[in-house]
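Fold and geometry: a report
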Amino acid sequence: MIMLSDNEVKSPVYDLLAQIGYPLRQNVLLSRYCSAQIGGPAEYLIEANTANQLEKIIQGIWINHVPYTLLGRGSNVLISDVGLSGIVVINRAKGVGRIRVCETAEEIQIWAESGVNLGTLTRVAAEKGLSGLEWATGIPGTVGGAVVNNAGAFNGDIAHSLIMADILQQNPEPDQGISLRQTWTSSDFHYSYRNSRIKNESEQVVILRACLRVEKSKPEFIKAKMAQINQKRKATQPPGASMGSIFKNPPGDYAGRLIEAAGLKGLQVGGAQISLQHANFMVNQGNACAQDFWDLISVVQKEVLNQFDVQLELEIQPLGTFKEVQKVNQSD
Ligand SMILES: Cc1cc2nc3c(=O)[nH]c(=O)nc-3n(C[C@H](O)[C@H](O)[C@H](O)COP(=O)(O)OP(=O)(O)OC[C@H]3O[C@@H](n4cnc5c(N)ncnc54)[C@H](O)[C@@H]3O)c2cc1C
């Protein structure tokens, strides 16, 4: 932990610390903050436990021009072995008490802070007899991560479930205030398949809370639908440490089908293996490093391009720096 003392050398991080008043941890391994369980250290790490805390921390970061990375559950990121410089903010603004149901004349809305896990949200909705979010059961991310990525599954996605979200945006004219607090509707996010206008990072936007569309149903019907979805996941997706689907499905096809047809199922580089159960998943066999995943990704992209003339696009987001692909022996 670092705390501010009077004779500390001044740096943007220490100025930030003084401003937000929370302690920062230094040199914290990120492997325990992401679902693939890999990745080097964060130079500094701070956890936000409420949406208000998240807002304060991000504003402090912007005011002091400190480099930062925001993570939810880290289930859609590949963090490099050298780690991340600056501050990693872990969004833990979550909890059942942080989920609110509002009934208006037109619709029923469910509000959740952005650090709420989708698993918690879908369970709470089911208990309350609120249907519409069943598709999200089993996705191991936060509401915020889902809003950014347009997460989706089983014929549902955020683009269709989201009514609006409270966001914090870095002000392009900082002399008029460092940040703008706004409410964006689903159409403001310019959603497309696993994409939104903020995923390309040209805009600094943080999701604070999201409001999702639900309707009344019987808890037992909702739970049965969720159980069915969970069963399908179990039957088709591998257990273990992974990032879910590595590549987006190309138009009219499936990344997993192409990878399998290229004869790459089961291919292993170091401790990273293409799943035998689902070829668009790569699983950490327990001893993988991020570079193993990076090299495996490169092999897959190259082979699929060579064999089928299809350029597979990443669904996951690489963070930090990676080495140029090392020579990989495909019989590894
Ligand atoms: C086993 C497994 C199964 C999966 N199945 C699916 C699936 O069926 N469908 C699907 O779409 N995805 C799936 N995923 C991927 C992943 O869970 C989702 O994309 C999820 O929405 C990511 O949320 P997160 O909190 O983990 O985001 P992170 O991985 O922590 O972050 C992803 C990106 O979002 C940004 N971000 C996170 N929170 C915020 C915020 N509050 N404000 C602004 N930016 C933010 C981060 O900076 C980063 O750029 C799966 C992953 C795994 C491991």
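Source: prediction; values computed, not measured.

1. Some remarks on the overall build of the protein
Scanning the protein from terminus to terminus reveals 8 helices and 18 strands. Computed over the C-alpha atoms, the radius of gyration of the protein is 21 Å, within 12% of the 20 Å expected from 2.2 N^0.38 for a compact globule of 332 residues. In terms of overall dimensions, the protein has a C-alpha envelope of 60 × 55 × 35 Å along the principal axes. The buried share of the protein, reckoned over its 332 residues, is 44%.

2. Some details on unusual backbone geometry
Look at Phe154: it is not a glycine, yet its phi comes out positive at around 45 degrees. Residue placement: Phe154 occurs in the loop between strand S9 (152-153) and strand S10 (156-157). According to the C-beta neighbour criterion, Phe154 is partly exposed, with 16 such atoms within 10 Å. We note that Asp309 has phi near 60 degrees; this positive angle belongs to a residue other than glycine. Summarising the element assignment, Asp309 is placed in the loop between helix H8 (290-308) and strand S18 (317-319).

3. Observations concerning the site of the ligand
For the ligand, the set of nearby residues contains 29 residues, the closest of which are Gly72, Gly141, Gly144, Gly145 and Gly244. Grouping the constituent residues of the shell around the ligand by class yields 12 nonpolar, 16 polar and 1 charged.

4. A closer look at helix H2 (residues 51-63)
Helix length check: H2, at 13 residues, gives a terminal C-alpha distance of 18 Å against a target of 18 Å (1.5 Å per residue), a fit within 8%. Listed in full, the buried residues belonging to H2 are Ala51, Leu54, Ile57, Ile58, Gln59, Gly60, Ile61 and Trp62. With its phi angle positive at about 50 degrees, His65 sits one or two positions after the end of H2.

5. Description of helix H3 (residues 118-127)
Of the positions making up H3, those classed as buried are Leu118, Leu121, Thr122, Ala125 and Ala126. Along H3, the residues classed as buried sweep out an arc of 130 degrees about the axis, all on the same side. Looking at the packing, one finds that the buried side of H3 touches strand S6 (99-103), strand S7 (108-113), strand S8 (130-131), helix H4 (143-149), strand S13 (205-216) and helix H6 (219-236). Backbone geometry just after H3 places Gly129 at a positive phi near 70 degrees.

6. Observations concerning the nonpolar core
Counting residues in each nonpolar core, the largest one holds 97 residues, and the members touching the most others are Leu78, Val89, Phe293 and Leu296. In contact with Leu296, other than residues within four places in its own chain, are Leu267, Val269, Ala272, Ile274 and Met282.

7. Topic: the domain arrangement of the protein
Each assigned domain of the protein is listed with its residue range as follows: domain 1 (12-91), domain 2 (96-235) and domain 3 (238-319). Counting from both sides, the interface comprises 15 residues of domain 1 and, opposite them, 17 residues of domain 2. The element contributing the most residues to the side of domain 1 that touches domain 2 is H2, with 7 residues. Split by residue class, the side of domain 1 that touches domain 2 holds 6 nonpolar, 7 polar and 2 charged.

8. Points about the environment of Ser186
Here Ser186 is to be found in the loop between strand S12 (179-185) and S13. Residue Ser186 is classed as buried on the basis of its 22 C-beta neighbours within 10 Å. A C-alpha to C-alpha distance of 9.1 Å links Ser186 and Val147, two positions 39 residues apart in sequence. With sequence-adjacent residues up to four places away left out, Ser186 is seen in contact with Ala159, Leu162, Ile163 and Tyr191.

9. Here's the deal with the packing of H3 against H6
At a minimum axis distance of 8 Å, the contact between H3 and H6 shows a crossing angle of 150 degrees. Taken together, the axis directions place H3 and H6 in an arrangement best described as roughly antiparallel. Between H3 and H6, the residues in contact are Thr122, Ala126 and Glu127 and Pro219, Ile222, Lys223 and Met226, respectively. When its residues are assigned to classes, the contact of H3 with H6 shows 4 nonpolar, 1 polar and 2 charged.

10. Side note on the sheet that holds strand S16 (residues 272-274)
In spatial order, the strands read S14-S17-S16-S15; together these 4 strands make up an open sheet with antiparallel pairing. Since the sheet does not close on itself, it has two edges, and those belong to strand S14 (242-245) and strand S15 (268-269), each with one partner. In this structure, S14 lies alongside strand S17 (residues 281-284), joined through 2 bridges in antiparallel fashion. Across the sheet, residue Ser242 finds its bridge partner in S17, namely Val283.

11. Concerning the sheet that holds strand S2 (residues 41-48)
Pairing is mixed across the open sheet formed by 4 strands, whose spatial order is S1-S2-S5-S3. In this open sheet, the two edge strands, each paired with only one partner strand, are strand S1 (25-29) and strand S3 (68-71). Averaged over all pairs of adjacent strands, the angle between strand axes in this sheet comes to 40 degrees, irrespective of strand direction. Across 4 bridges, the pairing between S3 and strand S5 (residues 84-91) is parallel. Looking at S5, one finds that Leu71 is bridged to Ile90.

Criteria and thresholds
Residues numbered from 1 in each chain as written. Predicted model: local features only at pLDDT ≥ 70, side-chain atom pairs only at ≥ 80, totals over all residues. Helix = DSSP H or I, 4+ residues; strand = E, 2+ residues; numbered from the N terminus. Rg over C-alpha atoms; globule rule 2.2 N^0.38 Å. Buried ≥ 20, exposed ≤ 12 C-beta atoms within 10 Å, placed from the backbone. Near = placed C-beta within 6 Å. Nonpolar A, V, L, I, M, F, W, Y, C, P; charged D, E, K, R; others polar. Expected span 1.5 Å × (residues − 1). Arc of directions from axis to C-beta. Contact = placed C-beta atoms within 7 Å. Core = buried A, V, L, I, M, F, W, Y, C linked by C-beta atoms within 7 Å. Domains from an automatic or database assignment. Axes fitted to C-alpha atoms, helices over the stretch in contact; angles between N-to-C directions. Parallel < 35°, antiparallel > 145°, perpendicular 65-115°, else oblique. Pairing = 2+ DSSP bridges.

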